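The residues making up each chain are set out below.
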Amino acid sequence: MKVKMTSPTSSVIRAAVLQLSVSTDKSINIAIAVKRIQQAKSNGCTLAVLPECFTTPYDNALFKNYAEIIPGGETCKALSQAAKSNKMYIVGGSIPELCDDKVYNTCTVWDPNGNLIAKHRKVHLFDVNIPGSTCFKESNDMTPGNTLNTFQLGKLKVGLGICHDMRFSEMAALYQKQGCDLLIYPGAFCTELGPPHWSLLIRFRALENQTFVIAASPARDTKSNYVAYGHSMIVDPWGKIVEEADEKDMDLYVNLDFTIRENIKRQIPTGNQRRTDIYDTIDVKNMK
């Protein structure tokens, strides 16, 4: 069956969310990602979204060893070529980035010409201590980013976050103020926090900001030191789950119709109803 291609100049975008298994072999992880991007292209997609830390197990002890310079590293070269050869936008999940002897958890974005058009360093590092459940301190080995980052997908504007960034509604609200139509969060929630929080947070970010939200997780590996929840999903501006994966290695393909967003904004015009005379959300770094 021939799949109809979508164009970023239209109001409908066909997107692929790639829920990949992550091994300890970086080169194999990259090769699999490139293959799945090619499959997404053959399924008519113009956008592919990869998971958080898709080249390395999510492990503090490994981040620096797997880190690379952006854009000169192995992963970036492969994603640039994949974007160019498939004429697609690629949101490259995240990889450990090495810069000035610091390691960042960084998402790269590539346009259909293979150009790096955006880079987002995870702003909120995953530092949690839940007795009897989850204890992880990403800040032991990573440095936080300090900027919000967007890119243009044709006529659409996209805001970027990574995993724990999703918990901070102020960040999403700033993207909404900037006119973002879509928020993308590569994320690797653990199996303890995934069931109570993952879907709820994604739907909150979509509903309160009247945007589509894509959240891309690695597949679950129960033998890993850190077990990801999986359940990558796409949520529409009404807060409805459009597609959801289970925990296995799999891909989601979905058509996103952005006329839905415009209709909802007209029906429930919360963007114009905010009482900025009483409260506001501000971007401190860009205040004049």
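Owing to the predicted nature of the structure, the values given are computational and were not obtained by experimental measurement.

Before going further, it helps to spend a moment on the overall build of the protein. Helix and strand counts for the protein stand at seven helices and 15 strands. Relative to a compact globule of 288 residues, whose C-alpha radius of gyration would be 19 Å, the protein shows 18 Å and is just as compact. By its C-alpha atoms, the protein is 50 × 50 × 40 Å across when sized along the principal axes. Taken across its 288 residues, the protein has 52% of its residues classed as buried. If you take every contact in the protein between residues at least 6 apart in sequence, the share linking residues at least 24 apart comes to 69%. Here the protein carries 33 positive and 30 negative side-chain charges, and the mean point of each set is 6 Å from the other.

The next point concerns the packing of aromatic side chains. Inspection of the entire model under this criterion finds seven aromatic pairs. Summarising the aromatic geometry, the rings of Tyr58 and Phe136 are spaced 4.8 Å apart at their centres and angled 20° between planes, so their arrangement reads as stacked. Of the two residues, Tyr58 is situated in the loop between β2 (47–49) and α2 (60–66) and Phe136 in strand β8 (residues 135–137); the sequence distance between them amounts to 78 residues. In terms of burial, Tyr58 and Phe136 fall into one category: buried. Measuring from centroid to centroid gives 5.6 Å for Phe136 and Tyr226, while their planes differ by 70°, and the two rings are edge-to-face. In this pair, Phe136 is assigned in strand β8 and Tyr226 in the loop between β12 (212–216) and β13 (233–235), connecting sequence segments 90 residues apart. Here the aromatic cluster, defined as three or more aromatic residues joined through ring pairs, consists of Tyr58, Phe63, Phe126, Phe136 and Tyr226. Above the ring of Tyr104, the side-chain terminus of Arg121 is found at 3.8 Å from the ring centroid.

By the element assignment, Asn60 lies in helix α2. Taking the relative accessible area as the measure of exposure, Asn60 reaches 15% and is therefore buried. Within the local environment of Asn60, its side chain forms a polar contact with the backbone oxygen of Lys137, the two atoms lying 2.9 Å apart. Not counting chain neighbours up to four residues away, the residues in contact with Asn60 comprise Phe136, Lys137, Glu138, Asn140 and Asp141.

Looking now at the nonpolar core. Counting residues in each nonpolar core, the largest one holds 45 residues, and the members touching the most others are Leu47, Val91, Ile184 and Ile214. With five residues, the top contributor of residues to this core is β12. For Val91, the contacting residues outside a window of four places in its chain are Leu47, Ala48, Val49, Leu50, Cys107, Thr108, Val109, Phe151, Leu160 and Ile184. Counting 22 residues, the second largest nonpolar core, distinct from the first, contains Ile30, Val34, Ala40 and Cys76.

Tallying each qualifying case throughout the model produces zero disulfides. Between Cys45, a cysteine without a disulfide, and Cys107, which holds the nearest cysteine sulfur, the sulfur-to-sulfur distance is 17 Å. In this model Cys99 remains outside any disulfide bridge; the closest cysteine sulfur is found in Cys76, 12 Å from its own.

Taken in spatial order, the six strands make up an open sheet running β9-β10-β11-β12-β13-β14, and their pairing is mixed. Here the strands that pair on one side only, and so sit at the sheet edges, are β9 (149–153) and β14 (241–244). Going from strand to strand, the sheet's axes swing by 20° on average, the running direction of each strand aside.

What counts and how
- Residues numbered from 1 in each chain as written.
- Predicted model: local features only at pLDDT ≥ 70, side-chain atom pairs only at ≥ 80, totals over all residues.
- Heavy atoms only, no water.
- Helix = DSSP H or I, 4+ residues; strand = E, 2+ residues; numbered from the N terminus.
- Rg over C-alpha atoms; globule rule 2.2 N^0.38 Å.
- Buried < 20%, exposed > 50% of the residue type's maximum accessible area, 1.4 Å probe, protein only.
- Contact = heavy atoms within 4.5 Å.
- Lys, Arg positive; Asp, Glu negative; His and termini not counted.
- Charge placed at Lys NZ, Arg CZ, Asp CG, Glu CD.
- Phe/Tyr/Trp six-rings, centres within 6.5 Å; stacked < 30°, edge-to-face > 60°.
- Lys NZ or Arg CZ within 6 Å of the ring centre and 35° of its normal.
- Polar contact = N/O pair within 3.5 Å; in protein donor to acceptor, adjacent residues only side chain to side chain.
- Core = buried A, V, L, I, M, F, W, Y, C linked by side-chain atoms within 4.5 Å.
- Disulfide = S-S within 2.5 Å.
- Pairing = 2+ DSSP bridges.
- Axes fitted to C-alpha atoms, helices over the stretch in contact; angles between N-to-C directions.

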